[in-house]
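Working through the structure, step by step
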Amino acid sequence: MIKGIFDSLYASELGQSAFFASGAAYAVAIILCMIVGYLLGSINSAIVVSKLKYKQDIRDYGSKNAGMTNMFRVYGKTGGLLTLAGDFTKTLLAVIFADILIGNGKFFIGSEGAYVAGFFCMLGHIFPLYYKFKGGKGVLVTAATLLLIEPIVFAVMFVIFAVIFLGSKMVSLGSVMSALLLPVIVDSYYKVLIGHSGAAGAIRMIIIFLTAGIVVFMHRANIKRIYNGEESKMEL
């Protein structure tokens, strides 16, 4: 919506003053996507569910990570599925908010504003404002963002994750390998879709690289345990 105004004003007789005014509006919209995405992401579903339903803090149990995998391990399917639903919902709300501000008429498919909102939702999930900046590792929010914005990329990444997980029984290994391959998959997808190098765009690829790097970094302890043969395995 705002992006459309931005483009039309630049092309109109209003000239550069309108262009810069509209550019400022676009910048404000992006900042709002960041803020709202982060605040929604800070609502950590694992912490909320563990405190409200089980009267405990998931960060004190299991791997002490406030994420879906640890919720499944500690509280079983109910806790895990409630966490999944909550984290998907907050990501959906962040992306919808971005699409209202900077929509492209494609239900946030490929929207840069939605990418920004999803990325900051992930940051909020990892470093939640409401819980002393100690949250999860961002995998579920990243997956939800991809599902909403890049469903084909999500499908490819899901297959990669599933193959690695089923072969190793380690969620962490599947998450790390998927994160490492994410920039390659996104870049390749847009090359095929649009037909030339760099088709994914700078903003999109910067966010993708940052997302992948953060997810891998958040799994640094898991990587060490995998290397030492000490990582926990999860049976379906």
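Quick caveat, the model's predicted, so the values are computed rather than measured.

**Description of the overall build of the chain**
The helix and strand inventory of the chain stands at 10 helices and 0 strands. Reading the helices (α) and strands (β) of the chain from amino to carboxyl end gives α-α-α-α-α-α-α-α-α-α. Out of the 236 residues in the chain, the part that is buried amounts to 46%. A fraction of 63% describes how many contacts in the chain between residues 6 or more apart in sequence connect residues 24 or more apart. For the chain, the accessible area works out to roughly 12000 Å², and carbon and sulfur atoms hold 71% of it.

**Overview of a nonpolar patch on the surface**
Together, Val 28, Ile 31, Leu 32, Ile 35, Leu 39, Ile 43, Phe 127, Leu 129, Tyr 130 and Phe 133 make up a nonpolar patch on the protein surface, roughly 870 Å² of accessible area in all. Residue position: Leu 129 is located in the loop between helix H5 (112–126) and helix H6 (139–149). Taking the relative accessible area as the measure of exposure, Leu 129 reaches 41% and is therefore partly exposed.

**As for the pattern of salt bridges**
Per the counting criterion, the structure on display carries 5 salt bridges. The salt bridge involving Asp 87 is made with Lys 90; its shortest N-O contact spans 3.3 Å. Here Lys 90 and Asp 87 lie together in helix H4 (residues 68–101), a separation of 3 residues that amounts to about one turn. The burial state of Asp 87 is the same as that of Lys 90; both residues are buried. Two residues, Arg 204 and Glu 150, come together in a salt bridge whose shortest N-O distance is 3.5 Å. Taken as a pair, Arg 204 in helix H9 (residues 202–218) and Glu 150 in the loop between H6 and helix H7 (151–168) lie far apart in primary sequence, 54 residues in all. Taking the relative accessible area as the measure of exposure, Arg 204 reaches 8% and is therefore buried. Glu 150 gets classed as buried once you look at its relative accessible area, which sits at 2%.

**With respect to helix H8 (residues 171–194)**
Between the first and last C-alpha of H8 there are 33 Å, a value that for 24 residues agrees with the 34 Å anticipated at 1.5 Å per step. Along H8, the residues that are buried comprise Val 171, Ser 172, Gly 174, Ser 175, Val 176, Ser 178, Ala 179, Leu 182, Pro 183, Ile 185, Val 186 and Tyr 190. In this structure, the buried side of H8 is in contact with H4, H6, H7, H9 and helix H10 (220–228).

**Points about the environment of Val 28**
If you trace the backbone, Val 28 turns up in helix H2 (residues 15–41). Along the sequence, Val 28 and Leu 101 sit 73 residues apart, while their C-alpha atoms lie 9.8 Å from each other.

**What to know about the confidence of the model for the chain**
Chain-level statistics for the chain give a pLDDT mean of 86 and a share of 84% at 70 or above. Confidence drops under pLDDT 50 across residues 5–21; counting only partners more than four residues distant or on other chains, this segment forms 10 contacts.

**Focus: the packing of aromatic side chains**
Evaluated as defined, the whole model comprises 6 aromatic pairs. Judged by centre distance (4.0 Å) and plane angle (5°), the ring pair of Tyr 54 and Tyr 75 falls under stacked. Linking Tyr 54 in helix H3 (residues 45–54) with Tyr 75 in helix H4, this pair joins segments that are 21 residues apart in sequence. Consider the rings of Tyr 189 and Tyr 190, whose centres lie 5.1 Å apart with planes at 80°: the pair is edge-to-face. It is Arg 220 that lies over the ring of Phe 217; its NZ or CZ is 4.1 Å from the centre.

**What about H5?**
The first and last C-alpha atoms of H5 sit 21 Å apart over 15 residues, in line with the 21 Å expected at 1.5 Å per residue. Burial within H5 is extensive, with 13 of its 15 residues counted as buried.

**Digging into the packing of H5 against H9**
Between H5 and H9, the shortest axis-to-axis distance is 10 Å and the interhelical angle comes to 15°. With respect to their mutual orientation, H5 and H9 come out roughly parallel. In this structure, H5 crosses over H9, and the sense of that crossing is left-handed. Along the contact surface, H5 presents Glu 112, Tyr 115, Val 116, Phe 119, Met 122, Leu 123 and Ile 126, while H9 presents Ile 203, Arg 204, Ile 207, Ile 208, Leu 210, Thr 211, Ile 214, Val 215 and Met 218.

What counts, and where the lines are drawn
Residues numbered from 1 in each chain as written. Predicted model: local features only at pLDDT ≥ 70, side-chain atom pairs only at ≥ 80, totals over all residues. Heavy atoms only, no water. Helix = DSSP H or I, 4+ residues; strand = E, 2+ residues; numbered from the N terminus. Buried < 20%, exposed > 50% of the residue type's maximum accessible area, 1.4 Å probe, protein only. Contact = heavy atoms within 4.5 Å. Areas by Shrake-Rupley, 256 points an atom, 1.4 Å probe, with all protein chains shown as cover. Patch = residues over 30% accessible without salt bridge, like charges linked within 9 Å, V, L, I, M, F, W, Y side chains within 5 Å. Salt bridge = Lys/Arg side-chain N within 4 Å of Asp/Glu carboxyl O. Expected span 1.5 Å × (residues − 1). pLDDT = per-residue confidence, 0-100. Phe/Tyr/Trp six-rings, centres within 6.5 Å; stacked < 30°, edge-to-face > 60°. Lys NZ or Arg CZ within 6 Å of the ring centre and 35° of its normal. Axes fitted to C-alpha atoms, helices over the stretch in contact; angles between N-to-C directions. Parallel < 35°, antiparallel > 145°, perpendicular 65-115°, else oblique. Left-handed = near helix turned anticlockwise from the far one by under 90°.

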